[in-house]
Amino acid sequence: MDTEFIVEYIPHYVEAAKLTFRIGLIGIVLSLIVGLVIAFIQYFKIPVLKQIASAYIELSRNTPLLVQLFFLYFGLPKAGICISSEGCAIIGLCFLGGSYMAEAFRSGIESVEKGQEESALALGFKKRQVVGYIILPQALSVSIPALCANMIFLIKETSVFSVVALADLMYVAKDLIGLYYKTDEALLMLVVSYLIILLPISIVAAVLERRLRYAGFGN
Amino acid sequence: MQDLGIRVLFMGNNFARLMEGLWITIRISLIAVALSIVFGILLGMLMTVKNPIIRALTKVYLEFIRIMPQLVLLFLVYFGLTKSFGINLSGEVSAVIVFTLWGTGEMGDLVRGALISIPKHQYESGEAIGLSKWQVYYHIIIPQILTRLVPLAINLTTRMIKTTSLVALIGVVEVLKVAQQIIEANRYTVPDSALWIYGTIFFLYFIACWPISLVAKRLEKRWKTA
């Protein structure tokens, strides 16, 4: 183990980790939005959009991100649509994450009993109020564990972004292996970087999950 | 008439080669799934053991496997093992090892979840009426957790197939690599082949995974009441 080498190249990893983190964050926020929109399309059963939404979910859940990225980055330019590496990465992550988030929201919404919705309507709530005051608050707390799992999943998925020429952690590690043949050091730093990024999120998710269970909503 | 890039698919044996490439990823995932189910059941049973050391070890294993991106694990086995221990594994073998390690973790957690979902009194009642420990598992516990596990195991298969697309990055010649070869070979004659070939692969993966997900979903629904 060459500690000098490790110290020298830490800044490279920090830069790469920042990139991973930034794209991951943008991707997660966008996919949360997409997921919520899709979940509501399915909940309100909006005619045409509903079919599109379920087609999208099946398509995105059954194809790997790597293939989606290849199509976006190498395929689409041939059809005259050029997207930058970062654009591809974000679109890919959002396309993939949207469906996972939608499923998480949907299972949350389904967990709220139909009786509650009917009682609320009987009490004179508007449909929008039922969603805002009764369904969403309960659905969110139920879907938080799944949402957290999806966030970790999406950050892990960012590891393939080196194929669209983004200098992420994998890219730096591969570079160092190729340039200096310092495989052990490069891989060690790679593992440590991912642990530093993901372990706190995983712990927060576990704590959150435990807290939420205590909250309970009078079953 | 506009020259369509899709014709590159039907030139020579290009399509057959793509399918061969897809079969390699599917083969890796099927082997890994089969091994993961076996080891996963063992791991799941280990995780319900009361011994704190075994519990801690399995927990650390599970957390590590879950937190590390699969690509990092592939790099560790493919590049790391060779450099540090001089063990020279082919890309395919390292892929099988990595996906088995990963699948075992995932499957183990599913088995653990299923095992602890069976109320404790069932074990106790089984023993109270004179069944041996093995008989309790065989006649009472396993039939009940199977209905819960089978859909999840099928789901794991689709995840496995999707994740094995990563093996292209450690030099296994699977569907993406074949695609690159075809595209490079036809760079001048069919310049826009990339769009069509990658589009085709997109749908090939979809066609490979979608039916499996549908089966999993259907089984899950049917066995929900059990």
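Look up a bit, the structure's there.
Since we're looking at a predicted model, the values are computed, not measured.

### Looking at the overall build of chain B
Now for step 1: Along its length, chain B carries eight helices and zero strands.
Now for step 2: Shown N-terminal to C-terminal, the secondary structure of chain B runs as helices and strands in the order α-α-α-α-α-α-α-α.
Now for step 3: Expected size for 226 residues packed as a compact globule is a radius of gyration near 17 Å; at 22 Å, chain B overshoots this value by more than 25%.
Now for step 4: Based on the C-alpha atoms only, the size of chain B along its principal axes is roughly 80 × 45 × 25 Å.
Now for step 5: Buried residues in chain B amount to 46% of all 226 residues.
Now for step 6: The contacts in chain B between residues at least 6 apart in sequence include a share of 76% that link residues at least 24 apart.
Now for step 7: When the accessible area of chain B is evaluated, it comes to approximately 11,600 Å², of which 68% is carbon and sulfur surface.
Now for step 8: Seen as two clouds, the 21 positive and the 12 negative side-chain charges of chain B have centres 7 Å apart.

### Observations regarding the overall build of chain A
Now for step 1: On a plain count of helices and strands, chain A comes out with eight helices and zero strands.
Now for step 2: The order of helices and strands in chain A, counted from the N terminus, is α-α-α-α-α-α-α-α.
Now for step 3: Counting every position in chain A, which comprises 219 residues, the buried fraction comes to 47%.
Now for step 4: Accessible surface for chain A amounts to roughly 10,900 Å². Of this, 66% is attributable to carbon and sulfur atoms.

### Re the packing of helix α3 (residues 65-75) of chain A against helix α8 (residues 193-222) of chain B
Now for step 1: Where α3 of chain A contacts α8 of chain B, the axes come no closer than 9 Å and their chain directions differ by 165°. On the basis of their axis angle, the class for α3 of chain A and α8 of chain B is roughly antiparallel. In this structure, α3 of chain A meets α8 of chain B at a crossing whose hand is left-handed. Contacts between α3 of chain A and α8 of chain B involve V67, Q68, F70, F71, F74 and G75 of chain A from the former and A194, L195, Y198, G199, I201, F202 and Y205 of chain B from the latter.
Now for step 2: In terms of residue class, the contact of α3 of chain A with α8 of chain B is made up of ten nonpolar, three polar and no charged.

### Quick look at a nonpolar patch on the surface
Residues and elements named next belong to chain A.
Now for step 1: Taken together, F21, L25, I26, V29, L30, I33 and V37 make up a surface patch of nonpolar side chains, about 580 Å² in accessible area.
Now for step 2: Structurally, the position occupied by L25 is in helix α1 (residues 3-44).
Now for step 3: When its relative accessible area of 48% is taken as the criterion, L25 is described as partly exposed.

### Remarks on the pattern of salt bridges
Now for step 1: Evaluation of the coordinates by the stated rule reveals 14 salt bridges over all chains.
Now for step 2: Linking E103 of chain A and R106 of chain A is a salt bridge whose minimum nitrogen-to-oxygen distance equals 3.5 Å. With E103 of chain A and R106 of chain A both in helix α4 (residues 85-111) and three residues apart, this pair spans about one turn of that helix.
Now for step 3: The class for E103 of chain A is buried, based on a relative accessible area of 18%.
Now for step 4: Salt-bridge contacts for R159 of chain B lead to E106 of chain B; the nearest nitrogen and oxygen are separated by 3.4 Å. Pair noted here: R159 of chain B is in helix α6 (residues 133-163) and E106 of chain B is in helix α4 (residues 91-117), with a separation of 53 residues, a long-range link.
Now for step 5: Overall, the relative accessible area of 34% leaves R159 of chain B in the partly exposed class.
Now for step 6: Residue E106 of chain B is classed as buried on the basis of its relative accessible area of 9%.
Now for step 7: Shared partners join several salt bridges into a network, and the residues in it are R66, E106, D109, R112 and R159 of chain B.

### Thoughts on the interface of chain A and chain B
Now for step 1: Each side of the interface is counted separately: chain A has 36 residues, and chain B has 37 residues.
Now for step 2: Counting across the interface, chain A meets chain B through one salt bridge.
Now for step 3: Its salt-bridge partner being E58 of chain A, residue K217 of chain B comes within 3.2 Å of it at the nearest N-O pair.
Now for step 4: Counting across the chain A and chain B interface gives seven residue pairs in polar contact (both at pLDDT 80 or more).
Now for step 5: Secondary structure elements with two or more residues in the side of chain A that touches chain B: α2 (47-61), α3, α4, α7 (169-180) and α8 (183-215) of chain A.
Now for step 6: With ten residues, α8 of chain A is the largest single contributor of residues to the side of chain A that touches chain B.
Now for step 7: Classifying every residue of the side of chain A that touches chain B by side-chain character gives 23 nonpolar, seven polar and six charged.

### Let's talk about unusual backbone geometry
Residue and element names in this part refer to chain A.
Now for step 1: Even without being a glycine, K45 presents a positive backbone phi close to 50°.
Now for step 2: Assignment of secondary structure puts K45 in the loop between α1 and α2.
Now for step 3: A positive phi angle is found at A165, which is not glycine, with a value near 65°.
Now for step 4: Looking at the element boundaries, A165 is found in the loop between α6 (127-157) and α7.

### Remarks on the side chain of S165 of chain B
Now for step 1: On the secondary structure map, S165 of chain B appears in the loop between α6 and α7 (175-185).
Now for step 2: Here K162 of chain B takes part through its backbone oxygen, which lies 2.7 Å from a polar atom of the side chain of S165 of chain B.
Now for step 3: Apart from residues no more than four positions distant in its own chain, S165 of chain B is found in contact with P64 and L66 of chain A together with E174, L176 and Y205 of chain B.

### Remarks on helix α2 (residues 52-67) of chain B
All names here are of chain B.
Now for step 1: Between the first and last C-alpha of α2 there are 22 Å, a value that for 16 residues agrees with the 22 Å anticipated at 1.5 Å per step.
Now for step 2: Among all positions in α2, only T58, L62, I65 and I67 are buried.
Now for step 3: With a side-chain oxygen lying 3.0 Å from the backbone nitrogen of I53, the N-terminal cap of α2 falls on N51.

Reading the values: rules and limits
Residues numbered from 1 in each chain as written. Chains lettered and ligands numbered in written order. Predicted model: local features only at pLDDT ≥ 70, side-chain atom pairs only at ≥ 80, totals over all residues. Heavy atoms only, no water. Helix = DSSP H or I, 4+ residues; strand = E, 2+ residues; numbered from the N terminus. Rg over C-alpha atoms; globule rule 2.2 N^0.38 Å. Buried < 20%, exposed > 50% of the residue type's maximum accessible area, 1.4 Å probe, protein only. Contact = heavy atoms within 4.5 Å. Areas by Shrake-Rupley, 256 points an atom, 1.4 Å probe, with all protein chains shown as cover. Lys, Arg positive; Asp, Glu negative; His and termini not counted. Charge placed at Lys NZ, Arg CZ, Asp CG, Glu CD. Axes fitted to C-alpha atoms, helices over the stretch in contact; angles between N-to-C directions. Parallel < 35°, antiparallel > 145°, perpendicular 65-115°, else oblique. Left-handed = near helix turned anticlockwise from the far one by under 90°. Nonpolar A, V, L, I, M, F, W, Y, C, P; charged D, E, K, R; others polar. Patch = residues over 30% accessible without salt bridge, like charges linked within 9 Å, V, L, I, M, F, W, Y side chains within 5 Å. Salt bridge = Lys/Arg side-chain N within 4 Å of Asp/Glu carboxyl O. Polar contact = N/O pair within 3.5 Å; in protein donor to acceptor, adjacent residues only side chain to side chain. Expected span 1.5 Å × (residues − 1).

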